[in-house]
Amino acid sequence: MSTAFCRKFGVEHPIVLAPMGRVGPPELVAAVSNAGGLGLAPLWTDGPDTMRSEIRRIKELTDKPFGVNLNMDFRNEEQLDVCLEEGVEVLSLFWGDTGNFVERAKAGGTKVIITASTAESAREAVDLGADAICAQGWEAGGHVEGKVSTMALVPAVVDAVGEVPVVAAGGIADGRGLAAAIALGASAVWIGTRFLAAEEAPVHPVYLERLFAASEDDTDHYDDLYDLVWPNAPHRALKNSTSAVWEAAGKPPLGERPREGDVLARRPDGVEIPRYASAVAFAALEGEIEPLPLWSGQGVGLVNKVQPAAEIVQEIVKQAKAIVDF
Ligand SMILES: Cc1cc2nc3c(=O)[nH]c(=O)nc-3n(C[C@H](O)[C@H](O)[C@H](O)COP(=O)(O)O)c2cc1C
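Figured I'd write up the structure that's included with this text.

The rules behind each value
Residues numbered from 1 in each chain as written. Predicted model: local features only at pLDDT ≥ 70, side-chain atom pairs only at ≥ 80, totals over all residues. Heavy atoms only, no water. Axes fitted to C-alpha atoms, helices over the stretch in contact; angles between N-to-C directions. Helix = DSSP H or I, 4+ residues; strand = E, 2+ residues; numbered from the N terminus. Parallel < 35°, antiparallel > 145°, perpendicular 65-115°, else oblique. Left-handed = near helix turned anticlockwise from the far one by under 90°. Contact = heavy atoms within 4.5 Å. Nonpolar A, V, L, I, M, F, W, Y, C, P; charged D, E, K, R; others polar. Core = buried A, V, L, I, M, F, W, Y, C linked by side-chain atoms within 4.5 Å. Buried < 20%, exposed > 50% of the residue type's maximum accessible area, 1.4 Å probe, protein only. Domains from an automatic or database assignment. Near = heavy atom within 4 Å. Polar contact = N/O pair within 3.5 Å; in protein donor to acceptor, adjacent residues only side chain to side chain. Areas by Shrake-Rupley, 256 points an atom, 1.4 Å probe, with all protein chains shown as cover. 1 Å grid on protein atoms, 1.4 Å probe; cavity = no way out; pocket = protein on both sides within 12 Å on 5 of 7 lines; lining within 4 Å. Sits in = over half its atoms within 2 Å of the grid points. Pairing = 2+ DSSP bridges. Right-handed = clockwise from strand over helix to strand, strands pointing away.

1. Focus: the packing of helix 3 (residues 48-61) against helix 4 (residues 77-85)
So, point 1. Direction vectors running N to C along helix 3 and helix 4 enclose 25 degrees, while the axes themselves pass 9 Å from each other. In terms of orientation, helix 3 lies roughly parallel with respect to helix 4. The crossing of helix 3 and helix 4 is right-handed. Of the residues in helix 4, those touching helix 3 at Pro48, Met51, Arg52 and Ile55 are Glu78, Gln79, Val82, Cys83 and Glu85.
So, point 2. The residue makeup of the contact of helix 3 with helix 4, split by class, is 5 nonpolar, 1 polar and 3 charged.

2. Some thoughts on the nonpolar core
So, point 1. In terms of nonpolar packing, the biggest core is built from 96 residues, with Val68, Leu70, Leu93, Ile133 and Phe195 touching the most fellow members.
So, point 2. Split by domain, this core shows at least three residues from each of two domains, domain 1 (4-201 + 302-321) and domain 2 (219-295).
So, point 3. Beyond its immediate chain neighbours, meaning those up to four positions away, isoleucine 133 contacts Ile113, Ile114, Ala116, Ala122, Ala125, Val126, Val157, Val161, Val164, Pro165, Val166 and Val167.
So, point 4. Judged by nonpolar contacts, the second largest core, of 16 residues, contains Cys6, Phe9, Ile113 and Ala132.

3. Focus on the site of the ligand
So, point 1. In the region of the ligand, 21 residues are neighbours, and Trp44, Asn69, Gly171, Gly192 and Thr193 sit closest.
So, point 2. The backbone of glycine 21 places a nitrogen or oxygen atom 3.3 Å from a nitrogen atom of the ligand.
So, point 3. Within the side chain of asparagine 69, one N or O atom sits 2.9 Å away from a nitrogen atom of the ligand.
So, point 4. Isolated, the ligand exposes 600 Å² of accessible area, and the fraction of that covered by the protein chains is 96%.
So, point 5. More than half of the atoms of the ligand fall within 2 Å of the grid points belonging to the largest pocket.

4. Things to note about the pairing of strand 9 (residues 188-191)
So, point 1. Here strand 9 shows no split at all, with Ala188 and Trp190 on one side and Val189 and Ile191 on the other all buried.
So, point 2. Here strand 1 (residues 15-17) pairs with strand 9 via 3 bridges, running parallel. What sits directly across from leucine 17, in strand 9, is isoleucine 191.
So, point 3. Pairing of strand 8 (residues 166-169) with strand 9, which is carried by 3 bridges, proceeds in the parallel orientation. Residue pairing for strand 9: alanine 168 is matched across the bridge by valine 189.
So, point 4. The β-α-β motif built from strand 8, the intervening helix 8 (residues 175-183) and the parallel element strand 9 has right-handed crossover chirality.

5. Thoughts on the environment of lysine 239
So, point 1. With respect to the secondary-structure elements, lysine 239 resides in the loop between strand 11 (235-238) and helix 10 (241-248).
So, point 2. When the C-alpha positions of lysine 239 and aspartate 217 are compared, they lie 9.4 Å apart, and in sequence the two are 22 residues distant.
So, point 3. Ignoring anything within four residues of it in the chain, the contact list for lysine 239 reads Arg210, Asp217, Asp218, Thr219, Asp220 and Tyr222.
So, point 4. In this structure the side chain of lysine 239 is engaged in a polar contact, spanning 2.9 Å, whose partner is the backbone oxygen of aspartate 217.

6. Quick notes on the sheet that holds strand 12 (residues 263-266)
So, point 1. Overall, antiparallel pairing links the 3 strands, which are arranged 13-12-14 in an open sheet. The open sheet has two free edges, formed respectively by strand 13 (272-274) and strand 14 (286-287), since each of these has just one partner strand.
So, point 2. Pairing of strand 12 with strand 14, which is carried by 2 bridges, proceeds in the antiparallel orientation. From the neighbouring strand, arginine 266 faces strand 14, where its bridge partner is glutamate 286.

7. Some words on the pairing of strand 12
So, point 1. Bridge count for strand 12 against strand 13 is 3 bridges, and the pairing is antiparallel. Bridging from a neighbouring strand, alanine 265 pairs with isoleucine 273 of strand 13.

8. As for the environment of valine 203
So, point 1. Following the sequence through the fold, valine 203 ends up in the loop between strand 9 and helix 9 (205-213).
So, point 2. Taking relative accessible area as the criterion, valine 203 reaches 8% and is therefore assigned buried.
So, point 3. When the C-alpha atoms of valine 203 and threonine 62 are compared, they prove to be 22 Å apart, with 141 residues separating the residues in sequence.
So, point 4. Sequence-distant contacts of valine 203, defined by excluding residues within four places in its chain, comprise Val23, Leu196, Leu208, Ala281, Phe282 and Ala283.

9. Some details on the packing of helix 2 (residues 26-34) against helix 3
Describing two packed helices takes the angle between their axes plus the distance from one axis to the other.
So, point 1. Relative orientation of the contacting elements helix 2 and helix 3 amounts to 40 degrees, with a least axis distance of 9 Å. Relative to helix 3, the element helix 2 lies oblique. The interaxial crossing formed by helix 2 with helix 3 has right-handed handedness. Counted together, Pro26, Glu27, Val29, Ala30 and Asn34 of helix 2 and Glu54, Arg57, Ile58 and Leu61 of helix 3 form the full contact between these two elements.
So, point 2. Grouping the constituent residues of the contact of helix 2 with helix 3 by class yields 5 nonpolar, 1 polar and 3 charged.

Following this line, the structure appears as structure tokens:
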């Protein structure tokens, strides 16, 4: 199986592990890359030293291509310096003005993927020099910038960007999704929620349990529910007790919400996680997990067992190949 994306990024299969803050460790990134996909490491919450050691750890675990994801709302030159110094092959940029990052990355020989949520923003990303576009549809889990579904967005972006490979994201969880994305003109898929159930993903057991119990109708898209720490960033997560009390109170803004100031959980380093914080329920958290943001895409109904990441990649490829030939 080879597509324009595979050829450009030197990978065997058109499957990208979506970067997922705190639940996408080197072991998961490397497992997806070793299985022939492209693993992306979500290192934007790390300081330069931690970033460097995470990148080096990935390099110990794989000699295949992998990438690093940076958040442009928290744009940090030092993080880019580390990626370039460490020879990171692929940079994934999301959310906001990329500044001089594309120019600097490309001058350093790094390929750049920019996440876009409209055809117009995809075209702008290509004008900046993007090597591929991640077209993120509204079904996606985590932070979601746009309001267009994957089904409508992908062909619009494909038409807008010419030869530049498009990676479809949002609601894709199995081989049928990969086949559909290829049919829409994408040349790879970018999968988050399904990989939360990878053996290598350090997801808290309560979060995992909720994912397995959820149907396609159990997520919601919120403009500003979990906006503590990262405001003005809409997102999709499982409905839970926090969304229920907030909705029952008429969806008040931060400062007027029920049970604000509750400390729900603690990280191993002692950092407290208050209600409404934009946090991730990773395995090492202690405390109340269910009221935290349980990020999830609408494809969650297809996620029902823990598997090694490599098996997920193989299963998706096999199922897609039985549907479309590419
Ligand atoms: C738990 C979680 C954390 C995420 N963290 C990030 C992140 O740090 N950077 C990013 O670009 N996207 C992040 N996303 C969004 C994914 O990159 C991707 O767009 C999304 O997962 C695709 O939709 P799906 O979950 O339906 O597969 C996250 C998604 C989830 C579910």
